[in-house]
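Commentary on secondary and tertiary structure
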2 protein chains.
Amino acid sequence: MVKFLHTADWHIGRKLQGLDLLEDQQFVLENLITEMKKINPDFLIIAGDLYDRSVPSKEATKLLQELLVKINIGCNIPIFAISGNHDSRERLAIGEAWFSKHKFYLHTRLEQAFDKISYEDADIYLLPYFEPFEAREYFEDATLTTHNAATKRVIDEIYKNLDTNKTNILVAHTFVSGGLETDSEREISVGTVENVAVEIFDKFDYVALGHLHNPNAIKETRLKYSGSPMAYSFSEASQTKGMRLIEVTKERYSEEFIPLKQKRKLHNISAPYEEVLTKEFQQNYDCKNNYFSMELSGLEGITDPLPRIKEYYPNVLILKQKRNTGIDNEVKLDREMLTKSPLQLIEGFYNEQTGSKLTEGQKQVLVNIIDKVNQDETN
Amino acid sequence: MVKFLHTADWHIGRKLQGLDLLEDQQFVLENLITEMKKINPDFLIIAGDLYDRSVPSKEATKLLQELLVKINIGCNIPIFAISGNHDSRERLAIGEAWFSKHKFYLHTRLEQAFDKISYEDADIYLLPYFEPFEAREYFEDATLTTHNAATKRVIDEIYKNLDTNKTNILVAHTFVSGGLETDSEREISVGTVENVAVEIFDKFDYVALGHLHNPNAIKETRLKYSGSPMAYSFSEASQTKGMRLIEVTKERYSEEFIPLKQKRKLHNISAPYEEVLTKEFQQNYDCKNNYFSMELSGLEGITDPLPRIKEYYPNVLILKQKRNTGIDNEVKLDREMLTKSPLQLIEGFYNEQTGSKLTEGQKQVLVNIIDKVNQDETN
């Protein structure tokens, strides 16, 4: 049996509305280390997006190194990690050759997914974030145009050498959808939609995912997102943030979600202006410390509400006027757009502007361009 | 006795007149590794400026990592390295904690200079590049305003625990001058001039320096620059480039300069236009391969000489018209200016513009500003 912790999406160096979160990140990840020490797991999994951008600041670089040194060298806990879409694989991989000599395994290239690492009775496969074109090049197979097809091909390749007597664990940074796609969906989304079907992974005893920040983004057994250790947008304000403790063999499986202490909470406030200024309202929140996004009504005739609000809520990061109409529709539209692929967005725009639909030939040109853009962003 | 190689100033990622030199760097440093294998030294010293800039490109990052992996892990040769003024200490230091577990010691912070590392009968001290303000902060001593004073203070601190029975080796990245400064020079250069007196280092059995690219920049016994492994400007075209092989004990000392094969040579050409186009002239050079800086006469009436020149010399990087007067003086003036400190340059400019001299108070203000600029650049 192996007992391990599963975390992901640290996004070291992330900002929230322009505000540096390094202190918050240090706080929550030091707490992760404290909890880890109590649990004393066999190893720690970090499923991608260690940094928030490809060229992290000196301060972010320093913090991540300090945390990893504490875990791997200070506590002597092995680390199994992969690069996510936010990481520069080359920059993250500096030192990789030395890391692995101290059981800190960090895979950043697709082909490394096939080098399994054994830990007692478990085999661990580390699949870093990759774009479909990388699988096309690796397998010399032009049909691998979607994340689903490319990931399936990679996993099938892993399955060829899978030792089914071992406890098999996969670490991946990808958008796994809850169920199989239907044919009609597949037709719409050729070459663009990112989601990967959950069935692909069914021979693993645990799949440790990163990418989505909500720990409950998917409700499967033995296949989970850990979620990010802290909220990185106000849309995550209501999510409990933490890491997962997993104990697994081929036969037995148990999981526990370990919440992590946060330096500051995020709150979405929707209320009248005068109300948020009352003591009664304020006693519900740690106003001086926490981060606030406020949508206020009753602002008519008030030219600059921010200074007064900041007196009570120094860390208010978003202040919007609540209107009686429109807002809800607008928000809904934005959310709908977020679920669309680049090709779908262009199709909709083209249709809106010209009244006609894209031809299959035009679509193919767009698919190629979108692929190339993804390719350039990844390289 | 220890036998080791001394190199410095790799400047991975350097460009020459905008041209990427990564291929040339890979060639010469692979040759360094080949020569190293033949020699099989106890260890390799790299005295700073591993990268050319604080945020190296992904390609530069990849190349440096590959080279260091080959040396330290592939050939199992210990590495003693420091950061130079071109390196970002935080970015270079990623992985440092894991490196040292495989005898790759990389010091990037001033205080690490006092952690000596023992190798058989030798003690090695690694002093990274630092600015005087860092010594002022570390020792809480406001008088350390020059590189000379700051370095002397650091070395005196090292001397306090020096084991004089051991072979003591210092690695430093600094501008060591050939002799003691006179009092008058010292007065002029308060707080600004970078050069450090050679006498400071007299208790070491060898001082491995980096910073100056000319391997013969200083002619001392047991205190040397290795120079850069390749020429990084046309002013270095005539220098032999390589590394130093040192064998040293308290009593015995021997050195050998090992030249390194270059992918392409640099040539400074000063000749008439028509002459460089002749076969006779060209047979003296590897015209298709090498880099050229040309100062040509006889260009009167020729509107665009470059395309014709490039036919024969595809890697001509500088093309200037040679004039009959002025050039020599201009060049001389530039060289003179390069030897002046920022304070001296401002003093000269002030004198030229106003006809009067800076007061001591004004000088002190400038010293503070210059220090702050250096501080900001280093942080």
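Only a predicted model underlies this, so the values are computations on that prediction, with no experimental measurement involved.

Quick look at the confidence of the model for chain A
All names here are of chain A. Averaged over every residue, the pLDDT of chain A is 89; residues scoring 70 or more account for 91%. Residue range residues 179–192 is modelled with pLDDT below 50. Its contacts to residues more than four positions away, or to other chains, number 22 contacts. Across residues 326–333, confidence stays below pLDDT 50; counting only partners more than four residues off in sequence or on other chains, it has two contacts.

With respect to the relation of the copies chain B and chain A
Under the fitted operation, chain B is carried onto chain A by 0.0 Å of movement along the axis and a turn of 180 degrees, and the coordinates agree to an RMSD of 0.2 Å. Seen this way, the second copy is the image of the first under a two-fold rotation axis. Nearest to the rotation axis, the C-alpha of G95 of chain B is located 2.5 Å from it, this being the minimum over chain B. Here 100% of the contact residues of chain B are again contact residues in chain A; the copies associate through an equivalent surface.

Details of the pattern of salt bridges
Per the stated rule, a full pass over the model turns up 44 salt bridges over all chains. In this structure, K116 of chain B engages D123 of chain B in a salt bridge whose closest nitrogen and oxygen atoms are separated by 3.4 Å. K116 of chain B gets classed as partly exposed once you look at its relative accessible area, which sits at 35%. Classification of D123 of chain B by relative accessible area gives buried; the value is 0%. Connected via shared salt-bridge partners are E23, D24, K263 and R264 of chain A.

Some remarks on the interface of chain B and chain A
Taken together, the 27 residues of chain B in the interface contact 27 residues of chain A. Summing both partners gives a buried area of about 2,300 Å² for chain B against chain A, and 70% of it is carried by carbon and sulfur. When residues of chain B are sorted by the area they lose upon contact with chain A, K58, I94 and W98 of chain B head the list and together hold 35% of the total. Between the two partners, chain B and chain A, sit six residue pairs in polar contact (both at pLDDT 80 or more). The set of elements that each furnish at least two residues to the side of chain B that touches chain A consists of α2 (58–74), α3 (89–92) and α4 (96–99) of chain B. Per-element accounting of the side of chain B that touches chain A gives the leading share, eight residues, to α2 of chain B.

Concerning the domain arrangement of chain A
Many analyses report the size of an interface as the accessible area lost when the parts associate. The domain architecture assigned to chain A consists of domain 1 (2–259), domain 2 (266–322) and domain 3 (341–378). The C-alpha-based centres of domain 1 of chain A and domain 3 of chain A are spaced at 30 Å.

What to know about the side chain of T146 of chain B
Residues and elements named next belong to chain B. If you trace the backbone, T146 turns up in the loop between α5 (132–139) and α6 (147–160). On the basis of relative accessibility, which here comes to 16%, the residue T146 falls in the buried class. Separated by 2.9 Å, the side chain of T146 and the backbone nitrogen of A149 make a polar contact.

Some remarks on the sheet that holds strand β7 (residues 117–119) of chain B
Backbone hydrogen bonds are what pair the strands of a sheet, in a parallel or an antiparallel way. Residues and elements named next belong to chain B. What the five strands build is an open sheet, ordered β7-β8-β9-β12-β13; its pairing is mixed. The open sheet has two edge strands with one neighbour each: β7 and β13 (223–225). On average, adjacent strands in this sheet sit at an angle of 20 degrees to one another, irrespective of strand direction.

Things to note about the packing of aromatic side chains
In total, this model carries 34 aromatic pairs over all chains according to the counting rule given. With 5.0 Å between their ring centres and 10 degrees between their planes, F4 of chain B and F43 of chain B make a pair best called stacked. Taken together, the positions of F4 of chain B in strand β1 (residues 2–7) and F43 of chain B in strand β4 (residues 43–47) put the pair 39 residues apart, joining distant regions of the chain. We note that F4 of chain B, like F43 of chain B, is buried. Through successive ring pairs, a cluster of aromatic residues spans F4, F43, F80, Y105, Y119, Y206 and Y253 of chain A. Directly above the aromatic system of F139 of chain A lies the positively charged group of R153 of chain A, at a separation of 4.0 Å from the ring centroid.

Remarks on helix α6 (residues 147–160) of chain A
Each full turn of the α-helix corresponds to 3.6 residues, which orients residues three or four apart in the same direction. Here α6 of chain A spans 20 Å end to end across 14 residues, near enough to the 20 Å set by a 1.5 Å rise per residue. Within α6 of chain A, burial applies to H147, N148, A150, T151, V154, I155, I158 and Y159 of chain A.

Thoughts on the environment of N351 of chain B
All names here are of chain B. Relative to the elements of secondary structure, N351 occurs in helix α12 (residues 342–354). Distance in space between the C-alpha atoms of N351 and I33 is 52 Å, their sequence separation being 318 residues. If near-sequence neighbours (up to four positions away) are discounted, N351 is found in contact with S356 and K357.

As for the environment of N268 of chain A
Residue and element names in this part refer to chain A. With respect to the helices and strands, N268 occurs in strand β16 (residues 266–272). For N268, a relative accessible area of 47% translates into the label partly exposed. Counting along the chain gives 30 residues from N268 to S238, while the straight-line C-alpha distance between them is 8.8 Å. Setting aside chain neighbours within four positions, we find N268 in contact with F234, A237 and S293. Here F234 takes part through its backbone oxygen, which lies 2.8 Å from a polar atom of the side chain of N268.

Observations concerning unusual backbone geometry
Residues other than glycine seldom take positive phi values, yet E120 of chain A does so here, at roughly 50 degrees. Overall, the relative accessible area of 59% leaves E120 of chain A in the exposed class.

With respect to the packing of α5 of chain B against α6 of chain B
Residue and element names in this part refer to chain B. Relative orientation of the contacting elements α5 and α6 amounts to 45 degrees, with a least axis distance of 8 Å. By the angle between their directions, the pair α5 and α6 is classed as oblique. Pair α5 / α6 crosses with left-handed handedness. From α5, P132, A135 and F139 reach across to α6, where they touch H147, A150, R153, V154 and E157. Partitioned by chemical class, the residues of the contact of α5 with α6 number five nonpolar, one polar and two charged.

Reading the values: rules and limits
Residue positions are given per chain, counting from 1 as you read along its sequence in written order. Chains carry letters and ligands carry numbers; both start at the beginning, A for chains and 1 for ligands, and go up in the order they are written. Side-chain atom pairs in this predicted model are given and counted only at pLDDT of 80 or more, local residue features only at pLDDT of at least 70, and totals for whole chains, interfaces and linings cover all residues. Excluded from the side-chain calculations are hydrogens and water; all other atoms, namely the structure's heavy atoms, are used. The predictor attaches a confidence to each residue, and that confidence, scored 0 to 100, is pLDDT. Only heavy atoms enter the contact rule, under which two residues are in contact if any of them lie within 4.5 Å. Copy-to-copy alignment: least squares on C-alpha atoms, limited to residues at pLDDT 70 or above in both. Salt-bridge detection follows one rule: a side-chain nitrogen of Lys or Arg within 4 Å of a carboxyl oxygen of Asp or Glu. Only protein chains enter the area calculation, which uses a 1.4 Å probe; residues under 20% of their type maximum are buried, those over 50% are exposed, and those in between are partly exposed. When two parts are put together, the accessible area they lose, computed with a 1.4 Å probe and summed over both, is reported as buried area. Polar contact is the term for a pair of N or O atoms within 3.5 Å; when the atoms are in protein, one must be able to donate a hydrogen and the other to accept it, and sequence-neighboring residues count only if both atoms are side-chain atoms. Where helices and strands are cited, they refer to DSSP runs of H or I of at least four residues and of E of at least two residues respectively, numbered from the N terminus. For the domains described, the bounds stem from an automatic or database domain assignment. Being paired, for any two strands, means DSSP has found at least two bridges between them. The convention used is that axes are lines fitted to C-alpha atoms, helices contributing only their stretch in contact, and that angles between N-to-C directions extend from 0 to 180 degrees. Only Phe, Tyr and Trp rings take part, Trp by its six-membered ring, and two of them pair if their centres are within 6.5 Å. Stacked means planes under 30 degrees apart, edge-to-face means over 60, and tilted covers everything else. Throughout this description, the term charge over a ring refers to an Arg CZ or Lys NZ atom that lies within 6 Å of the ring centre and within 35 degrees of the ring normal. One less than the residue count of a helix, multiplied by 1.5 Å, gives the span that helix is expected to have. Geometric relationships in this document are graded by angle, where less than 35 degrees denotes roughly parallel, more than 145 denotes roughly antiparallel, 65 to 115 denotes roughly perpendicular, and other angles denote oblique. The handedness criterion is simple: a crossing whose near helix is rotated anticlockwise from the far helix by less than a right angle is left-handed, and one whose near helix is rotated clockwise is right-handed. Any residue outside Ala, Val, Leu, Ile, Met, Phe, Trp, Tyr, Cys, Pro, Asp, Glu, Lys and Arg is labelled polar, Gly included; the first ten of those are nonpolar and the last four are charged.

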